[in-house]
Amino acid sequence: MGGIRHVYRWDLDKTYLRTDFDSWRGLLRAAWEKASAKVNVAGSAALMRELKALEGARVCVISGSPRQMRRTLEEKFRLDRVAFDEFTLKPNFENLLRGRFRALRDQVGYKLPALLEGRSRVPDAANETLFGDDAEADAFVYSLYADVLAGRVGPAELEEILRLCSVYEDDAQRTLRLAAEARHCDPVGRIFIHLDGYTPPARFAQYGARVVPIYNYFQAAVLLMIDGHFGPMAVARIAAELSQGYGYSLISLANSFQDLLRRGLARREDVSALRLAFEAQAAVIDALRPAGEVFEAFLERLAVVAGVRERLPEKVPIDYLEILRTQGPPGTWRHKRRGRTRRVDDPFA
Amino acid sequence: MPNATIAVDAMGGDFAPEETVKGVARLSLETQLDLLLVGDEPRISELLTRVRHNPERIGVWHAPEAIGMGEKPAEALAGKPEASIAVAARLVADGVADALVTAGNTGAAILACADALRLLPGVRRAALAAVFPTALRHGLKEDPFSLVLDVGAGLEATADDLVTYAVMGSAYARVISRNPRPRVALLSNGTEAEKGTAAIVEAHRRLAELQGIDFIGNIEGIDIPRGTADVVVTGGFVGNVVLKMLEGVAETVMELARFAYKERLAWRMGLTMLGGGIRQLKKVTDWEQYGGAPILGFDKVVIKAHGRSKEQAIFNACKVAAKAVAASIPASIAGLMVESPLRASGE
């Protein structure tokens, strides 16, 4: 337990792996495909490798995939040369056998106690960075976890939240017990939400500045560099993997950086460190120059943003009960976001 | 080959920047284009946070000023050198972007392009070309429309200008409609060679002698919707009046049909049975489907979208721009200009 300074908790599907569970076909394919056929979200493996290499880092993976997939998923991590310290999978087969069908989709009743349990295994001083996606309720669950640890959500409120999320009674009791046992601290710095479905970032404003929607792991790497987790060389290595493995160009990376500037998450000065790192690593620059683009094009894109954005307040009080009352339980969010096409009979409409 | 980069004037148009941003956001998700939104960056950024988009494909270029639809082009451009249309035109001229799309003030767009871009050799004045749905299909792609130019870049046109428009329109139709030999006609008040203004009569004489284009003579207004010609050449004043009138007629016909649809149950039932056909007709006559009109004559691709453009029209205008870039339209026009009209006009 000693020596752990920072915990990086990762979700798996749509955060680390590109998984299609929006259709039955995709779901079946994800369940049966071999480790070598599984595809990463661009740059996720490179970023996880960089994080694992940090001194005092603990990488924990928590996934809603069934426990029966452990061997395949561990094989996938091995192929990606990614090491982890903890790997939690959902007991979905057991849920099925016990007729707990609600639990198959439930995120709060599964992830929150698993996160709290994981927290009991690390020292109080260890800070945390969490990685999730926009497909389900990661922003909600991770924020709730952070606020329970910080003592901002008390037992009565948590009990009401679990009730509104339709969490099974035994899971709710376990969660409440773990929350009561947790040592109060405020370790969660950032919650990265990978926008796999391109959900507009404004939808996450209700969770405050701690939740950072990102479109790719270059953006996450830049922000981790700004936060002091690692240096610009790590960002350059991730950029190189994005370029060589996933076809990213300097322009797409520049646009990604500019997006951070526009959202007030990075400053123009932050690019100078990157510039030095990119230039120091000649191979990176060469890899990023497939069409004769030069690094100046990268910088040029950044010079055209007007002024400096004000950052969102770091820790806004989140009204979880209001979110649940207005949006319903998290299990239903994915379907609501997808929306329905209205049938129009009027040929002139 | 790298993806085309399209500079979009985010502040131009009746529904800018909201609809422009929406159109570009959709393009970023559905195409491989690189897009540059030029305009009020804080406002554009705020809008982008509220729509689904892929920021890897979108750059924003701040331009602190904008020219309104009702402003006088020359005065507005002189007073606002950092207007979004002027900045966007300069970005295209400097090679930062390959093409320009704007739904803003037409006059300001043409003047900004004239300031920043170069006219092709032999072209004295740029022309705005528009497509109009016709009964006949055109080219290998069987496009259901013909090209009409000029529809408003200038007011009057000399015989020289009309010949140039004919060559530019022919080159455009060859590439975009994949029509190896587009039929080119002059719009006049009669089919006889001596009918029309002095400029039209002179242009007719020169076009008849011109090698390299298939000139079929004069046509009348009635021949435009029939699709007698693939390329209809006229001056900007007449072209603009014709275009707006044809648009108005199409909208009025749809309004009348809508009225009938609501008026009686029997009519509604009949029209519902014809629903598929009506939707198809609506699609063919809907200018939003065509996206935008090319401004021909510059050394770069410029697409002018309708001032009332919404998301769909912006989306299509950018796709037209990308297609024109891929087909190297300015180079094709320049090639044809060198081949034929200069020789015919004796220059």
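Read on for an overview of the structure. Owing to the predicted nature of the structure, the values given are computational and were not obtained by experimental measurement.

Reading guide: rules and limits
- The residue numbering used here restarts from 1 in each chain and proceeds along that chain's sequence as written.
- Chain letters and ligand numbers both follow the written order, the letters beginning at A and the numbers at 1.
- pLDDT decides what is reported in this predicted model: residues at 70 or higher carry local features, side-chain atom pairs at 80 or more are listed and counted, and totals for whole chains, interfaces and linings draw on all residues regardless.
- To obtain the side-chain values, all non-hydrogen atoms of the structure were included, while hydrogens and water were left out.
- In this scheme, patches are assembled from residues that exceed 30% relative accessible area and form no salt bridge. Like charges are connected within 9 Å, while nonpolar side chains (Val, Leu, Ile, Met, Phe, Trp, Tyr) are connected within 5 Å.
- Computed with a 1.4 Å probe, the accessible areas rest on the Shrake-Rupley method; for each residue, only the protein chains presented here act as cover.
- Salt bridge criterion: a side-chain nitrogen from Lys or Arg within 4 Å of a carboxyl oxygen from Asp or Glu.
- Each helix is a run of H or I in the DSSP string that is no shorter than four residues. Each strand is a run of E no shorter than two, and both are numbered from the N terminus.
- Relative accessibility thresholds used throughout: buried, under 20% of the residue-type maximum; exposed, over 50%; partly exposed, between the two (1.4 Å probe, protein chains only).
- A strand pair is defined by DSSP finding two or more bridges across the two strands.
- Nitrogen and oxygen atoms within 3.5 Å of one another constitute a polar contact, given that in protein one can donate a hydrogen and the other can accept it, and given that sequence-neighbouring residues count only through two side-chain atoms.
- The contact definition used throughout considers only heavy atoms, calling two residues in contact when any of these lie within 4.5 Å.
- Axis definition: a line fitted to C-alpha atoms, over the contacting stretch in the case of helices. Angles run 0 to 180 degrees between N-to-C directions.
- Just so you know how the angles are binned, under 35 degrees is roughly parallel, over 145 roughly antiparallel, 65 to 115 roughly perpendicular, and the rest oblique.
- Two helices that cross are described as forming a left-handed crossing if the nearer one is turned anticlockwise from the farther one by less than a right angle, and a right-handed crossing if clockwise.
- Residues are grouped as follows: nonpolar covers Ala, Val, Leu, Ile, Met, Phe, Trp, Tyr, Cys and Pro; charged covers Asp, Glu, Lys and Arg; every other residue, Gly included, is treated as polar.
- One less than the residue count of a helix, multiplied by 1.5 Å, gives the span that helix is expected to have.
- A crossover counts as right-handed when, viewed with the strands pointing away from the observer, the path leading from the first strand over the helix to the second turns clockwise.
- Nine residue types can take part in a nonpolar core, namely buried Ala, Val, Leu, Ile, Met, Phe, Trp, Tyr and Cys, and a core is a set of them joined through side-chain atoms within 4.5 Å.

As for a nonpolar patch on the surface
Residue and element names in this part refer to chain A. Where nonpolar side chains cluster on the molecular surface, the patch consists of F93, L96, L97 and F101 and spans about 460 Å² of accessible area. When residues of the nonpolar patch are assigned to their parent elements, the largest contribution, 3 residues, is made by helix α4 (residues 92–97). Residue placement: F93 occurs in helix α4. Classification of F93 as partly exposed rests on a relative accessible area of 46%.

A closer look at the pairing of strand β5 (residues 188–194) of chain A
The side chains of a regular strand alternate, first on one face of the sheet and then on the other. Residue and element names in this part refer to chain A. Most of β5 sits inside the fold, with 6 of its 7 residues counted as buried. Here 6 bridges tie strand β4 (residues 127–133) to β5, and the two strands are oriented parallel to one another. What sits directly across from E128, in β5, is V188. By the bridge criterion, 4 bridges tie β5 to strand β6 (residues 211–214) in an arrangement that is parallel. The residue of β6 that forms the bridge with H194 is I214.

Focus on the side chain of A:N255
Counting through the fold element by element, A:N255 comes out in helix α12 (residues 250–262). Looking at A:N255, its side chain comes within polar contact range of the main-chain oxygen of B:E56, at 3.0 Å.

Concerning helix α4 (residues 84–93) of chain B
Residues and elements named next belong to chain B. Most of α4 sits out of view: 8 of its 10 residues are buried. Burial in α4 covers these residues: S84, I85, A86, V87, A88, A89, L91 and V92. Packing partners of the buried residues in α4 comprise β1 (5–9), β2 (34–39), β3 (58–62), α3 (73–79), β4 (99–102) and α5 (106–116).

A closer look at the packing of helix α10 (residues 217–226) of chain A against α12(A)
Residue and element names in this part refer to chain A. Relative orientation of the contacting elements α10 and α12 amounts to 55 degrees, with a least axis distance of 9 Å. In terms of axis orientation, α10 runs oblique to α12. Crossing of α10 against α12: the hand is right-handed. Along its contact with α10, which presents F218, Q219, V222 and L223, the element α12 presents L253, S256, F257, D259 and L260. Partitioning the contact of α10 with α12 into residue classes produces 6 nonpolar, 2 polar and 1 charged.

Digging into the sheet that holds β5(A)
All names here are of chain A. With respect to topology, 6 strands assemble into an open sheet ordered β3-β2-β1-β4-β5-β6, the strand pairing being parallel. The open sheet has two edge strands with one neighbour each: β3 (86–90) and β6. Between one strand and the next, the sheet's axes are offset by a mean angle of 20 degrees, whatever the strand orientation. Sheet strands in contact with helix α3 (residues 70–79) are β2 (57–66) and β3, and its direction is about 145 degrees off that of β3.

Focus on helix α7 (residues 138–149) of chain A
All names here are of chain A. Taking 1.5 Å per residue as the helical rise, α7 with its 12 residues ought to reach 16 Å, and the 16 Å between its terminal C-alpha atoms agrees with that figure. Of all the 12 residues making up α7, 12 are buried; the element is thus mostly covered by neighbouring parts of the structure. Those residues of α7 that fall on the buried side of the exposure criterion are D138, A139, F140, V141, Y142, S143, L144, Y145, A146, D147, V148 and L149. One or two positions beyond α7, positive phi appears at G151, with a value near 80 degrees.

Quick word on the pairing of β3(B)
Residues and elements named next belong to chain B. Of all 5 residues that make up β3, 4 are buried, and the element is covered over most of its length. Here 5 bridges tie β2 to β3, and the two strands are oriented parallel to one another. Residue pairing in the sheet places G39 in a bridge with H62 of β3. Of the crossover connections in this fold, the one passing from β2 over helix α2 (residues 41–48) to the parallel β3 is right-handed.

Thoughts on the nonpolar core
Residues and elements named next belong to chain B. Counting residues in hydrophobic clusters, the biggest one holds 67 residues, and the most contacted among them are I6, L37 and V233. Looking at this core, the element that brings in the most residues is helix α6 (residues 159–176), giving 11 residues. With residues near it in sequence (within four places) discarded, I6 still touches L33, D34, L35, L36, A97, A99, V101, C318, A321 and A322.

What to know about the packing of helix α6 (residues 108–119) of chain A against helix α9 (residues 169–181) of chain A
Residues and elements named next belong to chain A. Remark: α6 packs on α9, axes separated minimally by 9 Å, with the N-to-C direction vectors making an angle of 30 degrees. One element, α6, and the other, α9, form an angle in the roughly parallel class. Relative to α9, α6 is oriented so that their crossing is left-handed. In this structure, α6 uses G109, L112, P113, L116 and E117 to contact α9, whose residues at the interface are D171, R174, T175, L178 and A179. Here the contact of α6 with α9 is composed, by residue class, of 5 nonpolar, 2 polar and 3 charged.

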